[in-house]
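Each chain, written out:
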Amino acid sequence: MQNSLYERLGGSEGITKIAGDLVNIHLENPAIAPRFDGLDVADLKNGAATFFISGTGGPNVYAGQDMLATHKGMNISATEFMAVLDDALIALQKNNVGQREQEEVLFVLYSMRSDVVLV
Ligand code: HEM
């Protein structure tokens, strides 16, 4: 049997690093950075990390709302959604995540599109 995606991404430590990098990359991406103006960066990183840890087969540590409730009313465009996926790929590659794992993460993220875009 194959190890969980959680394990292959380096467990809670590895995922916390990737998620922290992802938020930093978002904050420098002009296509989406304004969305995060005034929000607490540590909270964003914690939300991203715990969501990933829980969603990839790790312990159930995510305490936030589901993706539809989180993004409802934000009027997020398809272009902004792709910017988030682009940033995710950069964060994964920066952390030397394998090709197979990059593909799995991107696929899972893409599958959430209908809960995020124009909801
Ligand atoms: C598959 C794509 C996405 C995933 C998995 C995702 C995931 C998340 C998660 C886990 C949170 C934290 C929720 C919490 O802690 O309660 C969050 C918050 C947020 N997301 Fe997303 N997100 C995605 C796409 C986007 C896009 C495309 C945008 C807009 C550019 C966006 C903007 C935000 C904002 C502004 C917040 C903060 C909400 C707040 O604290 O008021 N997200 N997202």
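Anything mentioned here points back to the structure above.
Position numbers for residues start from 1 in each chain and track the written sequence from start to end. A pLDDT threshold of at least 70 governs which residues receive local features in this predicted model, and a stricter bar of 80 or more applies before side-chain atom pairs are shown or counted, although totals over entire chains, interfaces and linings include all residues. Side-chain metrics rest on all non-hydrogen atoms present in the structure, leaving aside hydrogens and water.

Engineer: Provide a residue-level description of the packing of helix α5 (residues 78-94) against helix α6 (residues 99-111), including the pertinent values.
Structural biologist: Each axis is a line fitted through C-alpha atoms, and for a helix only the stretch in contact is used; angles between axes span 0 to 180 degrees, taken between their N-to-C directions. Only DSSP runs of H or I reaching four residues or more are called helices, and only runs of E reaching two or more are called strands; each is numbered from the N terminus. Taken N-terminus to C-terminus, the directions of α5 and α6 make an angle of 160 degrees; their axes are 10 Å apart at the nearest point. By the criterion of interaxial angle, the relationship of α5 to α6 is roughly antiparallel. With respect to the hand of their crossing, α5 and α6 are arranged in right-handed fashion. Counted together, Phe 81, Leu 85, Ala 88, Leu 89, Leu 92 and Gln 93 of α5 and Gln 102, Val 105, Leu 106, Leu 109 and Tyr 110 of α6 form the full contact between these two elements. By residue class, the composition of the contact of α5 with α6 is nine nonpolar, two polar and no charged. An angle below 35 degrees is read as roughly parallel, one above 145 as roughly antiparallel, one from 65 to 115 as roughly perpendicular, and any other as oblique. Note on convention: near helix rotated counterclockwise from far helix by under a right angle means a left-handed crossing. Clockwise means right-handed. Residues are treated as being in contact if the distance between any of their heavy atoms lies within 4.5 Å. Note on residue categories: nonpolar means Ala, Val, Leu, Ile, Met, Phe, Trp, Tyr, Cys or Pro, charged means Asp, Glu, Lys or Arg, and polar means any other residue, Gly included.

Engineer: Please give an account of the coordination of the iron atom of the ligand that cites residues and values.
Structural biologist: Only N, O and S atoms count as donors, using a 2.8 Å cut-off from the metal and 3.2 Å for Na, K and Ca, and because water is excluded some sites may appear unfinished. Here the protein supplies the iron atom of the ligand with just one donor, His 71 (NE2), and that contact is 2.1 Å long. Positionally, His 71 belongs in helix α4 (residues 67-71).

Engineer: Give me the packing of helix α2 (residues 11-27) against α5: which residues, what numbers.
Structural biologist: Here α2 crosses α5 at 135 degrees, and the two axes come no closer than 9 Å. Looking at the two axes, α2 sits oblique to α5. As for how α2 packs across α5, the hand of that crossing is right-handed. Packed against α2, whose contacting residues are Lys 17, Ile 18, Asp 21, Leu 22, Ile 25 and His 26, the element α5 presents Val 84, Asp 87, Ala 88, Ile 90, Ala 91, Leu 92 and Lys 94 at the interface.

Engineer: Tell me what's going on with the pattern of salt bridges, and back it up with residues and numbers.
Structural biologist: Salt-bridge detection follows one rule: a side-chain nitrogen of Lys or Arg within 4 Å of a carboxyl oxygen of Asp or Glu. Using the criterion set out here, one finds six salt bridges in the structure. Residues Glu 101 and Arg 8 are paired through a salt bridge, measuring 2.7 Å at the closest nitrogen-oxygen approach. Of this pair, Glu 101 sits in helix α6 while Arg 8 is found in helix α1 (residues 5-8), placing the two residues 93 residues apart along the sequence. Relative accessibility decides the category of a residue: with a 1.4 Å probe and only protein chains considered, values under 20% of the type maximum give buried, values over 50% give exposed, and everything between is partly exposed. The class of Arg 8 is partly exposed, set by a relative accessible area of 23%. Here Glu 104 makes a salt bridge to Arg 8, at a shortest N to O gap of 3.0 Å. Of the two residues, Glu 104 sits in helix α6 while Arg 8 sits in helix α1, which places them 96 residues apart along the sequence. Assessed through its relative accessible area of 18%, Glu 104 is described here as buried. One network of salt bridges, with partners in common, ties together Arg 8, Arg 100, Glu 101 and Glu 104.

Engineer: Could you give me a rundown of unusual backbone geometry, with the residues and numbers involved?
Structural biologist: One non-glycine residue with positive phi stands out, namely Asn 75, at about 55 degrees. Within the fold, Asn 75 resides in the loop between α4 and α5. Given a relative accessible area of 52%, Asn 75 falls into the exposed group. Phi angles above zero are rare outside glycine, and Leu 118 is one such case at about 55 degrees. On the basis of relative accessible area, Leu 118 is assigned to the exposed category, the value being 58%.

On their own, these measurements won't tell you what the molecule is for.
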